[in-house]
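If you want the building blocks of each chain, they are given just below.
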Amino acid sequence: MRKLVELKYELDKCVKCGTCRSVCPTFRVLGRETACARGKLTLIDAYSSGAIGLSDAYLKHLKECTLCGACRDTCPKGVDTVAIYNAARVDAVQKLGAPVAASLVFKNLLESSKVMDAALKIATRLQGLIFKDATAESGLLSRFSLPVIGKGRLLPPLAREFFLETSEARGLPAPAKTGKAKVAFYAGCGVNYLMPDVGKASIEILKKAGADVFVPSAQVCCGMPAFASGDAAMARQMALKNLEVFEAFDCDYITTSCATCGHGLKHMFADVLSDNPELSSRIEAFSAKVIDINALLVNVLKYRSGGKETGGKLVTYHDPCHLNRAQNVRNEPRELLKSNKNIAFKEMAFPCSCCGLGGGLSLTNYDLSIEITERKIESIRASGADIVATACPGCMVQLRDGLHKYGVNARVAHVVELI
Ligand code: SF4
Ligand code: SF4
């Protein structure tokens, strides 16, 4: 991937106009220059030229960002701000080392999912000791203050049966194509460990839509959490492993119901594996097959809902940054929702504003992260919706926490659960 020093030309494109301030969720909350792209780029430029060092203040400002990409999309000079932020985070980790706890989790997600699965199974059994059920929402509340998590935060329970263990996820690809397309499903950690029902609903809809769908069982984490934390070496290993796993199967498409995983599979692999030119044609072939499940259902499989009962009439939609901005998928989830005659769709104000989760912010600065969520929750409240649909398990976790925290009575669901 491009190193910080190689992005000097991108930094030099910034004319300090400040347009990016108007769309930045962290600037909206913090109201100071270092929270927005203009300030961050000035700091990164100063660091690159040696004027400042890797200070705690520099690192803090780097982390005060959801990597939502709104600044990049609005910048009149086309500065690739997100590429600069990623390179700066990777540079910092290369010089200071990755946090030990995060490295351990990523290492297990990559190398020995059985160890990780066993540890999470134990955690599943113990979660009742640490958390209590939140009655109004499907989630758990910590009974006392915990490192990183804090107290009173609504967290999704670990699944009793992980998605990759379910009968829905098992089964090899049909030897010959019998339906409209042969589709490999990528679950991702959110669906596998927290939301197996989203995975099951995805498989069911893909089958209904006429796809021959199968789930490669050796798949591992997509690498996006490691990449966002600056651990490009770990993300690289995860990308390579997934590339090998999916290359072993003959398929027309690789799809996922996670916006972040989809963005990672489609775009990040080329970035983190760019040091090996021999892989470029393989990555190109792999990335060309990756398509978000909403886009696959609408544009390829021509699926329309048969009128599923959703348990609520008025539905609004939150655009995940990694789907709307990163993959240009906006209309498809709306089309799917509107195709269900049992849904009355209502657009909320600012549907594309970031939910506050991204860039690791909810782990490194939960207070800022959940303050960003407040604006989104106000939009949901004002829409009057019974259900907030979205297409990313990460956004679902953040929205559920925000709805609980700010006292709004709406349910969060993935699009595939409503069509
Ligand atoms: S909008 Fe673009 S050019 Fe203007 S200050 Fe922000 S990053 Fe720089
Ligand atoms: S990526 Fe998003 S949060 Fe980060 S500086 Fe840009 S607009 Fe702000």
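What you see is a predicted model, and the numbers here were worked out from it, not measured in a lab.

## Observations regarding the packing of helix α3 (residues 37-48) against helix α4 (residues 56-63)
And step 1. Viewed as axis vectors pointing N to C, α3 and α4 meet at an angle of 140°, and their least axial separation amounts to 10 Å. What the angle tells us is that α3 and α4 run oblique. Here α3 runs over α4; the crossing is left-handed. Packed against α3, whose contacting residues are Lys-40, Leu-43, Ile-44 and Tyr-47, the element α4 presents Tyr-58, His-61 and Leu-62 at the interface.

## Overview of the packing of aromatic side chains
And step 1. Summed over all chains, the structure comprises seven aromatic pairs.
And step 2. Ring geometry for Phe-214 and Phe-249: centres 5.2 Å apart, planes at 55°, overall tilted. Pair noted here: Phe-214 is in strand β5 (residues 211-214) and Phe-249 is in the loop between α12 (232-247) and β6 (253-256), with a separation of 35 residues, a long-range link.
And step 3. Under the relative-accessibility criterion, Phe-214 is labelled buried at 3%.
And step 4. Measuring from ring centre to ring centre gives 5.2 Å for Phe-269 and Phe-286, while their planes differ by 5°; the resulting arrangement is stacked. Note that Phe-269 is positioned in helix α13 (residues 259-272) and Phe-286 in helix α14 (residues 280-289), a separation of 17 residues in sequence.

## Here we look at the pairing of strand β11 (residues 411-414)
Two faces belong to every sheet, and in a regular strand the side chains alternate between them.
And step 1. Of the strand pairs in this sheet, strand β10 (residues 387-390) and β11 are connected by four bridges, and their pairing is parallel. Paired with Ala-389 across the strands is Ala-413, a residue of β11.
And step 2. With respect to chirality, the unit in which β10 leads through helix α20 (residues 393-405) into the neighbouring parallel β11 is right-handed.

## Quick notes on the domain arrangement of the chain
And step 1. Each assigned domain of the chain is listed here: domain 1 (4-96), domain 2 (100-155), domain 3 (163-300) and domain 4 (314-417).
And step 2. Using C-alpha coordinates to define each centre, domain 1 is positioned 26 Å away from domain 4.
And step 3. Taken together, the 15 residues of domain 1 in the interface contact 14 residues of domain 4.
And step 4. Between domain 1 and domain 4, the buried area comes to about 1,100 Å², and carbon and sulfur atoms account for 64% of it.
And step 5. Of all residues in domain 1, the largest losses of buried area upon contact with domain 4 belong to Val-29, Thr-66 and Cys-68, amounting jointly to 38% of the total for that side.
And step 6. Our enumeration of links across domain 1 and domain 4 arrives at one salt bridge.
And step 7. In this structure, Arg-325 engages Asp-73 in a salt bridge whose closest nitrogen and oxygen atoms are separated by 3.9 Å.
And step 8. Counting across the domain 1 and domain 4 interface gives three residue pairs in polar contact (both at pLDDT 80 or more).

Definitions and cut-offs
- Residues numbered from 1 in each chain as written.
- Chains lettered and ligands numbered in written order.
- Predicted model: local features only at pLDDT ≥ 70, side-chain atom pairs only at ≥ 80, totals over all residues.
- Heavy atoms only, no water.
- Axes fitted to C-alpha atoms, helices over the stretch in contact; angles between N-to-C directions.
- Helix = DSSP H or I, 4+ residues; strand = E, 2+ residues; numbered from the N terminus.
- Parallel < 35°, antiparallel > 145°, perpendicular 65-115°, else oblique.
- Left-handed = near helix turned anticlockwise from the far one by under 90°.
- Contact = heavy atoms within 4.5 Å.
- Phe/Tyr/Trp six-rings, centres within 6.5 Å; stacked < 30°, edge-to-face > 60°.
- Buried < 20%, exposed > 50% of the residue type's maximum accessible area, 1.4 Å probe, protein only.
- Pairing = 2+ DSSP bridges.
- Right-handed = clockwise from strand over helix to strand, strands pointing away.
- Domains from an automatic or database assignment.
- Buried area = accessible area lost by both parts, 1.4 Å probe.
- Salt bridge = Lys/Arg side-chain N within 4 Å of Asp/Glu carboxyl O.
- Polar contact = N/O pair within 3.5 Å; in protein donor to acceptor, adjacent residues only side chain to side chain.

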